[in-house]
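# Report on the structure
Single-letter residue listing:
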Amino acid sequence: MNGKAKVNLWFSKRRSFTKPHFINCKHLFTFTKLNVMWYGIILIAGILLLGIGALCFKKTLYRIKNGSLVSGTVVELESYQDRKKDVLYRPVFAYKAGYAERTFVYNVGSKPPAWKVGEKANLVIDPNNAEKVMVLTYFGAFGWTLVLVAVALPMIVIGAGYFWARNFFQQLLAASW
């Protein structure tokens, strides 16, 4: 039997989308307790990560608002090796805190170097502890917030989407009886 005959045979059968169709497909919309548990865990974890991200955002805004804004200059590029033995470069900033000249080694390195010697950047210094310095770049200030929210939002969409679909299909099946 060639492909054309198979197609014609398929169309020649009467297909109806009445109640028996939904009854036969009921097994496709079963939701086990194990699925409910795992998707519930994903949803709760996503909500927790979103909450932690919001707290990080609030803390960062507080540090920016209450900290001292100073201008720092890259005085050297410090090289170091990571776990893979690659050589990375991170900037060392010089800035004035009060009357003292201080240096700050940025904890993020890259290859090739992201900063050049002599380049200026805005730094926020904690007024209670001059050793706590934050570089005012988008990822330097809000890095952890971005990471947490980027992980949390898909988890919330997946977890909440599962429960929404579960409710939708249960109502659909109940209406088809």
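Along each chain, residues carry numbers from 1 onward, in the same order as the chain's sequence is written. Local features are withheld for residues below a pLDDT of 70 in this predicted model, meaning they are given only at 70 or higher, and side-chain atom pairs are given and counted only at 80 or more; totals for whole chains, interfaces and linings count all residues. No hydrogens and no water enter the side-chain calculation; it runs on all heavy atoms of the structure.

## A short note on the nonpolar core
Phe93, Tyr95, Phe104, Trp115, Leu123 and Val135 are the most contacted members of the largest nonpolar core, which totals 13 residues. It only takes one pair of heavy atoms within 4.5 Å for two residues to be counted as in contact. Beyond its immediate stretch of four places on either side in the chain, Trp115 contacts Val74, Leu77, Pro91, Phe93, Tyr106, Lys120, Ala121, Val135 and Thr137. The term nonpolar core refers to a set of buried residues drawn from Ala, Val, Leu, Ile, Met, Phe, Trp, Tyr and Cys, joined through side-chain atoms within 4.5 Å. Throughout, exposure labels follow a simple rule: accessible area from a 1.4 Å probe, protein chains only, divided by the maximum for the residue type, with under 20% read as buried, over 50% as exposed, and the rest as partly exposed.

## Describing the sheet that holds strand β5 (residues 133-135)
One open sheet holds the 5 strands; their spatial order is β3-β2-β1-β4-β5, and the pairing between them is antiparallel. The sheet is open, and its two borders are formed by β3 (100-105) and β5, each paired with just one other strand. Each strand of the sheet is rotated relative to its neighbour by a mean of 40 degrees, with strand direction disregarded. Across the face of the sheet, helix α3 (residues 33-66) comes into contact with β1 (68-81), β4 (120-125) and β5 while running at roughly 100 degrees to β5. We call two strands paired when DSSP finds no fewer than two bridges between them. The helix and strand labels rest on DSSP assignments: H or I over at least four residues marks a helix, E over at least two residues marks a strand, and numbering proceeds from the N terminus. Fitting a line to C-alpha atoms yields each axis, with helices limited to the stretch in contact; the angle taken between N-to-C directions then spans 0 to 180 degrees.

## A few points about unusual backbone geometry
When glycine is set aside, most residues are seen to have a negative phi, and most peptide bonds are trans. Here the bond from Lys111 into Pro112 is cis, since omega is 0 degrees, no more than 30 degrees from zero. Assignment of secondary structure puts Pro112 in the loop between β3 and β4. In this structure, Lys85 takes a positive phi of about 70 degrees despite not being glycine.

## A closer look at the side chain of Thr60
For Thr60, the location among the structural elements is in helix α3. Owing to a relative accessible area of 10%, Thr60 belongs among the buried residues under this scheme. Polar contacts, as used here, are pairs of N or O atoms within 3.5 Å; protein pairs need one atom able to donate a hydrogen and one able to accept it. Residues neighboring in sequence count only if both atoms are side-chain atoms. A polar contact of 2.9 Å, which involves the side chain of Thr60, links it to the backbone oxygen of Cys56. Excluding residues that lie within four positions of it along the chain, Thr60 makes contacts with Met134, Ala141 and Phe142.

## Some remarks on α3
How far a helix is expected to stretch is found by multiplying one less than its residue total by 1.5 Å. Here α3 spans 49 Å end to end across 34 residues, near enough to the 50 Å set by a 1.5 Å rise per residue. Those residues of α3 lying buried are Gly40, Leu43, Gly46, Gly53 and Thr60.

## Digging into the confidence of the model for the chain
Every residue carries a pLDDT, the predictor's confidence in it, which falls somewhere between 0 and 100. The predicted model of the chain has a mean per-residue pLDDT of 81, with 81% of residues at 70 or higher. Per-residue pLDDT stays below 50 along residues 3-12; that stretch engages in 3 contacts with residues further than four places along the chain or on separate chains. Note on residues 17-24: pLDDT is under 50 here. Beyond four places in sequence and across chains, it has 7 contacts.

## Concerning the pairing of β4
In this structure, β1 lies alongside β4, joined through 6 bridges in antiparallel fashion. By the bridge assignment, Leu69 is partnered in β4 with Val124. Relative to β5, β4 runs antiparallel, the two sharing 3 bridges. Its bridge partner being in β5, Val124 is matched across the sheet by Met134.

## Examining the packing of aromatic side chains
Pairing of aromatic side chains here covers Phe, Tyr and the six-membered ring of Trp, requires ring centres within 6.5 Å, and sorts the geometry by plane angle: under 30 degrees stacked, over 60 edge-to-face, intermediate tilted. With the rule as written, the count across this model stands at 9 aromatic pairs. Between the aromatic rings of Tyr39 and Tyr162, the centroid separation amounts to 4.1 Å while the plane-to-plane angle is 5 degrees, which identifies the pairing as stacked. With a gap of 123 residues between them, Tyr39 in helix α3 and Tyr162 in helix α4 (residues 138-176) connect regions that are remote in the sequence. Look at Tyr39 and you get partly exposed, because its relative accessible area is 28%. Among the aromatic residues, those joined into a ring-pair cluster are Phe93, Phe104, Tyr106 and Trp115. Each ring is checked for a lysine NZ or an arginine CZ that lies within 6 Å of its centre and within 35 degrees of its normal; such an atom marks a charge sitting over the ring. One Lys or Arg, Arg90, reaches over the ring of Tyr80 and ends 4.1 Å from the middle of that ring.

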